[in-house]
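Architecture and fold: a report
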There are 2 protein chains.
Amino acid sequence: MGRISSRRPYHGRVISVDVDMVQFPDGSTGELEIVRHPGASAVIPFLDDPQSDDPRVVLIRQYRYAADGYVYEIPAGRLDAGEDPRTCALRELREETGYTATRLIPLTTFYTTPGFTDEKIHLFAAAGLSEGESQRESDEILDLAPVSLSQALQMIETGEMVDGKSMIAILFAAHFKPAR
Amino acid sequence: MGRISSRRPYHGRVISVDVDMVQFPDGSTGELEIVRHPGASAVIPFLDDPQSDDPRVVLIRQYRYAADGYVYEIPAGRLDAGEDPRTCALRELREETGYTATRLIPLTTFYTTPGFTDEKIHLFAAAGLSEGESQRESDEILDLAPVSLSQALQMIETGEMVDGKSMIAILFAAHFKPAR
């Protein structure tokens, strides 16, 4: 699928929109809209050994303007330019929850919604946590919500949890117990 | 979190970008970028009884311009204006795979990435499939890939599957066996 031309009708603070003219394999051409995003890291913080029976994890409850309400999530945030995803994960964990971690276990990397954006999330599990001071940004209105993994799974089953990356992290951690 | 003003610097074919001036609970104000999206339905199609031991599901392998490569996914597509998510799920299943379904089981609804878009995906499981003719759009370059649920889980564990909605569907279906 070849790019014939590209224009950027919107260049914003976090995202940009490109409209690319591309040629499809059947020879036809068309315009595709793509939201360019720097990518992000997200981390599921374990208060207990991730391998134990029903370990507790730390969720945050955060106001999301796009969702027009409060959403349960795992800590996450955008990559700074050139930032290593591990560094970003540990930074966001500390900023949003105050916790530092001695172990950071990579789980997977995925596209949030590849139909219209190149945003990738690097997903980690954090363990060996110690408490500190959180440093929230002014647009981050959030509360900490420690729950057991089985409670988090129930929040997914009942529809109380509606954030894609957090659902992946919880289901992934429950299904494939992260290695120590 | 109150909206003070809103402008729409980009209005596209599928998405639009709004930049809203909002007041935060601490009284400060700031601009937030939000990608407005009509929402979508996605469906995990079961070739065998979803309650059976290791049922087969139908994945599609599709070129994704945003991911710059081929991606394994479940069938999905945008809601037409005013369209019921169930109707959309059955339509996309038929268009992308050729299958019609006698049973459509709602699994959950989630935000793909609520940090910058209001896109919601309505997720279903489909069962009781019969084969028909697929009707793909010109920008949909895709192959069908029937796999067992355990194979799909392995594709998630190894990182071969990188599409968020499909990871949620497969992990959700494996963990909470959908009711008949």
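Residues numbered from 1 in each chain as written. Chains lettered and ligands numbered in written order. Predicted model: local features only at pLDDT ≥ 70, side-chain atom pairs only at ≥ 80, totals over all residues. Heavy atoms only, no water.

Describing the pattern of salt bridges
Residues and elements named next belong to chain A. Quick reminder of the rule: Definition used for salt bridges: Asp or Glu carboxyl oxygen within 4 Å of a side-chain nitrogen of Lys or Arg. The helix count covers DSSP runs of H or I at least four residues long, the strand count covers runs of E at least two residues long, and both are numbered beginning at the N terminus.
For the structure shown, the criterion picks out 30 salt bridges over all chains. The partner of Asp143 in a salt bridge is Arg61, with the nearest N and O atoms 3.8 Å apart. Pair noted here: Asp143 is in strand S10 (residues 142–148) and Arg61 is in strand S5 (residues 56–64), with a separation of 82 residues, a long-range link. In the salt-bridge network here, residues are joined through shared partners; they are Arg3, Arg8, Asp18, Asp20, Arg36 and Asp118.

Thoughts on the confidence of the model for chain A
Filter applied, for reference: On a scale of 0 to 100, pLDDT captures the predictor's confidence in every residue.
Looking at chain A as a whole, its pLDDT mean stands at 93, while 94% of the residues score no less than 70. Reported for the predicted complex are a pTM of 0.95 and an ipTM of 0.95.

Considering the relation of the copies chain A and chain B
Each of the two chain copies can be brought onto the other by rotation about an axis and movement along it. What counts here: The atoms used to superpose the copies are C-alpha atoms, taken from residues with pLDDT of at least 70 in both, and the fit is least squares. For this analysis, residues touch if any pair of their heavy atoms sits within 4.5 Å.
For the pair chain A and chain B, the relating rotation is 180°, the translation along its axis is 0.0 Å, and the fit reaches an RMSD of 0.0 Å. What the superposition gives is, in effect, a two-fold axis relating one chain to the other. Looking at the interface residues of chain A, 100% of them are also at the interface in chain B, so both copies use one shared face.

Regarding the sheet that holds strand S7 (residues 76–78) of chain A
All names here are of chain A. Heads up, the condition is: Any two strands with at least two DSSP-identified bridges between them are counted as paired. Working convention: axes come from line fits to C-alpha atoms, limited for helices to the stretch in contact. Angles between N-to-C directions cover 0 to 180 degrees.
One open sheet holds the 4 strands; their spatial order is S7-S4-S9-S8, and the pairing between them is mixed. The sheet is open, and its two edges are formed by S7 and strand S8 (100–111), each paired on a single side. For this sheet, the mean angle separating the axes of adjacent strands, direction not counted, is 20°. Where strand S4 (residues 40–45) lies against S7, 3 bridges are found, and the strand directions are antiparallel. Counted as the bridge partner of Ser41 is Gly77 from S7.

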